[in-house]
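# A structural walkthrough
Next come the chains, spelled out residue by residue.
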Amino acid sequence: EKEIADATNAINLATDEKNAAAVSLSQNQQQLETNVKSQADVSGLIKDLEEQRAAANAVYKRRNAEYNEALNTINEGHHMLQELYTGSASLIDLNRVAVKMFKGAVNLRITHYYVAVIGALAQIAQKADLLVDANILNRVEELFKRLQETLAQAIQEED
């Protein structure tokens, strides 16, 4: 009888351990499912963040290209002004650059920065003679410099 009691105790003990192992296995499986779901959620978030970063980077590159084009157009306008003063540029050239500057300002939504320069260029274009005196040239050059500084500051603020 002692052997039967020992065997029964051993079976009960084994059954208890088996049940405890089954509970532990179930808990581990649930934790694994939770971890897999969390990993999928994190992977989805990472993918979303990567897409947002790529979109923001594309916008940044486009805006940077627009600002660089605007700066190039301002430099072109400044150079054209020098050529107009020396007589190697025409009012048609002045008009072409002014239109290009205005288009760039509209693209960047910063036309208010360009008003003074475009207004000064329009005054030059309205002159009956093609001679531009040094005072007007100096005033417009100063406007170009301020516009370049303002645009450079706007670029830094957007970064």
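Scroll up to find the structure this text is about.
Residues numbered from 1 in each chain as written. Predicted model: local features only at pLDDT ≥ 70, side-chain atom pairs only at ≥ 80, totals over all residues. Heavy atoms only, no water.

## As for the packing of helix α3 (residues 111–126) against helix α4 (residues 134–158)
At a minimum axis distance of 9 Å, the contact between α3 and α4 shows a crossing angle of 155°. The pairing of α3 with α4 is recorded here as roughly antiparallel in orientation. As for how α3 packs across α4, the hand of that crossing is left-handed. Across the interface between the two elements, Tyr 113, Tyr 114, Ala 116, Val 117, Ala 120, Leu 121, Gln 123 and Ile 124 from α3 touch Ile 136, Arg 139, Val 140, Leu 143, Phe 144, Leu 147, Thr 150, Leu 151 and Ala 154 from α4. Broken down by class, the residue content of the contact of α3 with α4 amounts to 14 nonpolar, two polar and one charged. (Axes fitted to C-alpha atoms, helices over the stretch in contact; angles between N-to-C directions. Helix = DSSP H or I, 4+ residues; strand = E, 2+ residues; numbered from the N terminus. Parallel < 35°, antiparallel > 145°, perpendicular 65-115°, else oblique. Left-handed = near helix turned anticlockwise from the far one by under 90°. Contact = heavy atoms within 4.5 Å. Nonpolar A, V, L, I, M, F, W, Y, C, P; charged D, E, K, R; others polar.)

## Some words on the nonpolar core
Core analysis: the biggest nonpolar cluster contains 28 residues, and Met 101, Tyr 114, Leu 121, Val 140, Phe 144 and Leu 151 have the highest contact counts within it. Every element with two or more residues in this core is listed here: α1 (2–86), α2 (91–108), α3 and α4. Top contributing element to this core by residue count: α4, with nine residues. When residues no more than four places from it in sequence are discounted, the contact partners of Met 101 are Thr 73, Ile 74, Tyr 114, Val 117, Leu 121, Phe 144 and Leu 147. (Core = buried A, V, L, I, M, F, W, Y, C linked by side-chain atoms within 4.5 Å. Buried < 20%, exposed > 50% of the residue type's maximum accessible area, 1.4 Å probe, protein only.)

By themselves these figures say nothing about function.
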